[in-house]
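Here is how the chains run, residue by residue.
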Amino acid sequence: MKQLFAAVLLAASACAAYAQETAMTEGEVRRIDRDAQKITLRHGPIKNLGMPSMTMVFQVKDAAMLDKVNTGDKVRFHAEKVGGSFQVTEIEPVK
C-alpha cells in the first residue's frame, strides 16, 4: 500500500511539473517584426522560465504564428529558452 501511495504522489508531482512547463502566459502584442521573425509582448509572469512580468522581444518558432495576431491583441502564449534565446513556441489570440 505504501508503494502505491508513493507511486501516486510521484505521478501527481510529475503532472504538476508538466502543467507548469506547458502553462500559457497572458500578454499583449506590442509590436510585430515579420522580417526578423520577432514579436514584442507585454506579459505576466512566465512560470516555466522563472520570469517576472515585463515587456520584451521574443523570437518565434514559426513565422506563420505572426499571421495569427495583430498589434494590440490580447494573447496567450508559451515561451521556452532555445539555444540561448527566448522563443515563443505557441501563441493564440484571446477571444
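You'll find the structure just up there.
Keep in mind that this is a model prediction, so the values were computed, not measured.

Parameters and conventions
Residue positions within a chain follow its written sequence, with the count starting from 1. Reporting in this predicted model follows two pLDDT cut-offs: at least 70 for local features of residues, and 80 or more for side-chain atom pairs to be given and counted; totals over whole chains, interfaces and linings ignore these cut-offs and use all residues. The side-chain figures draw on all heavy atoms in the structure; neither hydrogens nor water molecules are used. Put simply, DSSP H or I for four residues or longer makes a helix, DSSP E for two residues or longer makes a strand, and each gets a number counted from the N terminus. In protein, a polar contact means a hydrogen-donor-capable atom and an acceptor-capable atom, both N or O and within 3.5 Å, with residues adjacent in sequence counting only if both atoms are side-chain atoms; elsewhere, any N or O pair within 3.5 Å suffices. The contact criterion used throughout is that any non-hydrogen atoms of two residues lie within 4.5 Å. Note: two strands are recorded as paired if DSSP finds a minimum of 2 bridges between them. Residue types Ala, Val, Leu, Ile, Met, Phe, Trp, Tyr and Cys, when buried and joined through side-chain atoms within 4.5 Å, form a set referred to as a nonpolar core. Any residue under 20% of the maximum accessible area for its type is buried, any over 50% is exposed, and the rest in between are partly exposed; the area is computed with a 1.4 Å probe on protein chains only. Salt bridges, as used here, are contacts in which a Lys or Arg side-chain nitrogen is within 4 Å of a carboxyl oxygen on Asp or Glu. Axis definition: a line fit to C-alpha positions, over the contact stretch in the case of helices; interaxial angles, taken between N-to-C directions, run 0 to 180 degrees.

Thoughts on the side chain of Glu28
Logical step 1: Of note, Glu28 is situated in strand S1 (residues 25-33).
Logical step 2: Side-chain polar atoms of Glu28 contact the side chain of Arg42, separated by 2.5 Å.
Logical step 3: With near-sequence residues (within four places) excluded, Glu28 lies in contact with Thr40, Leu41, Arg42, Gly72, Asp73, Lys74 and Val75.

Considering the pairing of strand S4 (residues 74-82)
Logical step 1: As judged from the four bridges shared by S1 and S4, these two strands associate in the antiparallel manner. What sits directly across from Glu28, in S4, is Lys74.
Logical step 2: Sheet topology note: the S4/strand S5 (residues 85-93) ladder contains eight bridges and is antiparallel. Pairing of Val75 across the sheet is with Pro93, part of S5.

Considering the nonpolar core
Logical step 1: In terms of nonpolar packing, the biggest core is built from 17 residues, with Ile39, Leu41, Phe58, Phe77, Val88 and Ile91 touching the most fellow members.
Logical step 2: Elements with a contribution of two residues or more to this core: S1, strand S2 (38-43), strand S3 (54-60), S4 and S5.
Logical step 3: Filtering out sequence-adjacent residues up to four positions away, Ile91 remains in contact with Ile39, Leu41, Met65, Lys68, Val69, Val75, Arg76 and Phe77.

Regarding the pattern of salt bridges
Logical step 1: Counted according to the given criterion, the structure contains five salt bridges.
Logical step 2: As a salt-bridge pair, Glu28 and Arg30 come within 3.2 Å of each other at their nearest N and O atoms.
Logical step 3: A residue is classified by how much of its surface remains accessible, and Arg30, at 43% relative accessible area, is partly exposed.
Logical step 4: Here Asp67 and Arg34 are joined by a salt bridge, their closest N and O atoms 3.4 Å apart. Note that Asp67 is positioned in the loop between S3 and S4 and Arg34 in the loop between S1 and S2, a separation of 33 residues in sequence.
Logical step 5: Residue Asp67 is classed as exposed on the basis of its relative accessible area, which comes to 59%.

A short note on the sheet that holds S2
Logical step 1: Here five strands make up a closed barrel; going around it, the order is S1-S2-S3-S5-S4 and the pairing mixed. The average angle at which neighbouring strand axes cross in this sheet is 55 degrees, direction not considered.

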